[in-house]
Amino acid sequence: MHAHGYAAQSADSPLAPFHFERRDPGPGDVAIDILFCGVCHSDLHTARGEWGGTRFPCVPGHEIVGRVTAVGAEVTKFKVGDAVGVGCMVDSCRRCEPCNSGLEQYCENGFTGTYNGPEQGTGANTYGGYSDRITVREEFVLRVPEGMDLAAAAPLLCAGITTYSPLRHWRVGPGQKVGVVGLGGLGHMGLKLARAMGAEVTLFTTSPGKEADARRLGASRVVISRDPEQMAAVAGEFDFILNTVAAPLNLDPYIQALKTDGAMVLVGAPSEPHQSPGVFNLIMRRRTIAGSLIGGIPETQEMLDFCAEHGIVSDIETIAMADINQAYDRMLKSDVKYRFVIDMQTLKDELGH
Ligand SMILES: [Zn+2]
Ligand SMILES: [Zn+2]
């Protein structure tokens, strides 16, 4: 079936209208009319070829919310009209150990990204959510809980699960002190989720202007990370630190802020490596540094249900599809609170649909 979207034709060309074909739904597929798509930093890095390996044309977008328009004969979980989501993955090998454990993001044979593929078997490129429709295997489609704001739910599919998964894996809960480093798309979700899990939450930020917002989002304290005195004052305090910063960073002051057996998990992906951390800081208190990538499909559904139960969505600014290039420029200046979401009706209007 014919689809319309916005694509980058090369690393240095802006996103522009693009027509392409989607597969007709097969027996196990769900066809989705895309209503909203969140704008993630990965979209920009991939469209501009900054991580290498981008296949052009590139249609970004992996925070998709829409409605089911058709289902294949073998689909059992969804029906026409359902509100659904699609995150960063549309397929994986479905036979390796991580896949069999619901950890498709760590598929040993490589999961299929919602955009920039490659498709299992064919190796074809995949096109993401900056488009009017998509066809996805049932196993990779999420149920958006009843009553959730569909636009504000979109960023949960990447920013939400990226922060939820490590908080759950390291068993964050009541009685714990949790730090969140950075207040952007990921950080603002980290604050909301850690607070909803019952932890006492502190924001680490370089900008003093973010205090009021941080408190509204769930932080009970703000530490200015550029101030060595403030950092020294929290040494040895934290059970867990979620580090969302995507720029090279000196990790040592954060490691020193961890308790014995505390862990800091990195979810931001800097293009240059972080400065190598001091090993003594780790040894002396058995501290851990770890990384985490999005979350598996079962956990993504659990996250959506958790958010519905706790009244959590993303703080968003909706934009028109045609404004995507300006949105990228603003995103690079951190001029967004806290996620852009494309209203796909604007693309359909542009096309006269
Ligand atoms: Zn993303
Ligand atoms: Zn696999």
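**A short note on the coordination of the zinc ion (ligand 2)**
- Protein coordination at the zinc ion (ligand 2) comes from Cys 93 (SG), Cys 96 (SG), Cys 99 (SG) and Cys 107 (SG), with a distance range of 2.3 to 2.4 Å.
- Each of the four donor atoms bound to the zinc ion (ligand 2) contributes to angles spanning 103 to 120°, and the resulting shape is tetrahedral.
- The sequence motif formed by the donor residues of the zinc ion (ligand 2) is C-x2-C-x2-C-x7-C.
- With relative accessibility at 7%, the residue Cys 96 sits in the buried group.

**Section: the pairing of strand E4 (residues 64-71)**
- Bridging between strand E3 (residues 29-39) and E4 involves seven bridges; their strand directions are antiparallel. Each residue of the ladder has a partner; that of Val 30, found in E4, is Val 71.
- In this sheet, strand E5 (residues 83-86) lies alongside E4 in antiparallel orientation, the contact comprising four bridges. For Gly 66, the partnering residue across the bridge sits in E5 and is Val 84.

**Thoughts on the packing of aromatic side chains**
- Applying the stated criterion to the full structure yields seven aromatic pairs.
- Grouping aromatic residues by their ring pairs yields a cluster made of Phe 18, Phe 20 and Tyr 127.

**Some details on a nonpolar patch on the surface**
- Together, Val 279, Phe 280, Ile 283 and Met 284 make up a nonpolar patch on the protein surface, roughly 490 Å² of accessible area in all.
- Structurally, Val 279 is set in helix H9 (residues 279-283).

**Focus on the nonpolar core**
- Residues Val 39, Tyr 130, Leu 191, Ile 324 and Tyr 328 are the most contacted members of the largest nonpolar core, which totals 92 residues.
- Counting residues per element, this core draws most heavily on E3, which supplies six residues.
- Contact partners of Leu 191, with chain neighbours within four places excluded, come to Val 180, Leu 183, Val 201, Leu 203, Ala 214, Leu 217, Gly 218 and Ala 219.
- Residues Val 223, Val 234, Phe 238 and Leu 249 belong to the second largest nonpolar core, which totals 17 residues.

**Digging into the pairing of E5**
- Residues Ala 83 and Gly 85 line one face of E5 and the alternating positions Val 84 and Val 86 line the opposite face, and both faces are buried.
- Relative to strand E9 (residues 142-143), E5 runs antiparallel, the two being bridged by two bridges. Each bridged residue has a counterpart across the sheet, and for Val 84 the counterpart in E9 is Arg 143.

**Quick notes on the environment of Gly 81**
- Along the chain, Gly 81 falls in the loop between E4 and E5.
- The spatial distance from the C-alpha of Gly 81 to the C-alpha of Pro 277 is 51 Å, given a sequence separation of 196 residues.
- In this structure Gly 81 touches Arg 67 and Val 68, once residues within four positions along its chain are discounted.

**Thoughts on the state of the cysteines**
- Enumeration according to the criterion identifies zero disulfides in this entry.
- With no disulfide of its own, Cys 88 has Cys 158 as its nearest cysteine by sulfur position, at a separation of 3.7 Å.
- Using a relative accessible area of 10% as the deciding quantity, one classes Cys 88 as buried.

**Let's talk about the sheet that holds strand E12 (residues 221-224)**
- Sheet architecture is open: six strands sit in the order E12-E11-E10-E13-E14-E15, paired in parallel fashion. Both outer strands of the open sheet, E12 and strand E15 (288-291), are each paired with one neighbouring strand and no more. Direction aside, neighbouring strands of the sheet carry axes that sit 20° apart on average.
- Where strand E11 (residues 200-205) and E12 come together, four bridges link them in parallel fashion. Across the sheet, Thr 205 pairs through a bridge with Ile 224, a residue of E12.
- Strands in contact with helix H4 (residues 159-169) are strand E10 (177-181), strand E13 (238-243) and strand E14 (258-266); relative to E13, the strand with the most contacts, it is inclined by about 160°.

**A look at the pattern of salt bridges**
- This model, assessed by the stated rule, comprises 21 salt bridges.
- Taking the shortest distance from any N to any O, the salt bridge between Asp 82 and Lys 79 comes out at 3.0 Å.
- A relative accessible area of 18% places Asp 82 in the buried class.
- Overall, Lys 79 belongs to the exposed group, its relative accessible area being 55%.
- We note a salt bridge from Asp 239 to Lys 259, for which the minimum N-O separation is 3.2 Å. Residue Asp 239 is located in strand E13, and its partner Lys 259 is located in strand E14; the two are separated by 20 residues in the primary sequence.
- Looking at Lys 259, the relative accessible area reads 30%, which means it is partly exposed.
- A cluster of three or more residues bridged by salt bridges with shared partners is formed by Lys 192, Asp 213, Arg 216, Asp 315 and Lys 337.

**Details of unusual backbone geometry**
- In this chain, Gly 117 is followed by Pro 118 through a cis amide linkage whose omega measures -5°.
- Along the chain, the position of Pro 118 falls in the loop between strand E7 (112-113) and strand E8 (133-137).
- In the segment running from Lys 337 into Tyr 338, the intervening peptide bond is cis, with an omega of -15°.
- Phi at Arg 94 is positive, roughly 65°, even though this residue is not glycine.

Cut-off values and rules
- Along each chain, residue indices are assigned from 1 in the same order as the chain's sequence is written.
- Written order determines the labels here, with chains lettered from A and ligands numbered from 1.
- The model is predicted, so local features are restricted to residues of pLDDT at least 70 and side-chain atom pairs to those at 80 or more, both for listing and for counting; the totals for chains, interfaces and linings are taken over all residues.
- The side-chain quantities take in all heavy atoms of the structure and omit both hydrogens and water.
- Each metal's donors are the N, O and S atoms within 2.8 Å of it, or within 3.2 Å when it is Na, K or Ca, and because water is not part of the set, sites may look incomplete.
- Irregular is the default label, applied whenever a site is not tetrahedral (four donors, all angles between 85 and 135 degrees) and neither square planar nor octahedral (four or six donors, opposite donors over 155 degrees apart, all other angles between 65 and 115).
- Throughout, exposure labels follow a simple rule: accessible area from a 1.4 Å probe, protein chains only, divided by the maximum for the residue type, with under 20% read as buried, over 50% as exposed, and the rest as partly exposed.
- Any two strands are treated as partners once DSSP identifies two or more bridges connecting them.
- By definition, any uninterrupted DSSP run of H or I lasting at least four residues is a helix, any uninterrupted run of E lasting at least two residues is a strand, and each is numbered from the N terminus.
- Only centres within 6.5 Å qualify two rings of Phe, Tyr or Trp (six-membered ring in Trp) as a pair; their planes then separate them into stacked at under 30 degrees, edge-to-face at over 60, and tilted for everything else.
- For patch building, the residue pool is restricted to those with more than 30% relative accessible area and no salt bridge; the joining distance is 9 Å between like charges and 5 Å between nonpolar side chains (Val, Leu, Ile, Met, Phe, Trp, Tyr).
- In short, Shrake-Rupley with a 1.4 Å probe defines the accessible areas, and a residue's cover is counted only from the protein chains shown.
- For this analysis, a salt bridge means a side-chain nitrogen from Lys or Arg found within 4 Å of a carboxyl oxygen belonging to Asp or Glu.
- What makes a nonpolar core is a set of buried Ala, Val, Leu, Ile, Met, Phe, Trp, Tyr and Cys residues whose side-chain atoms join them at distances within 4.5 Å.
- By definition in these notes, contact holds between two residues if any of their heavy atoms fall within 4.5 Å.
- Disulfides are defined as cysteine sulfur pairs within 2.5 Å.
- Orientation is described by axes fitted as lines to C-alpha atoms, over the contacting stretch for helices, and by angles from 0 to 180 degrees between their N-to-C directions.

By themselves these figures say nothing about function.
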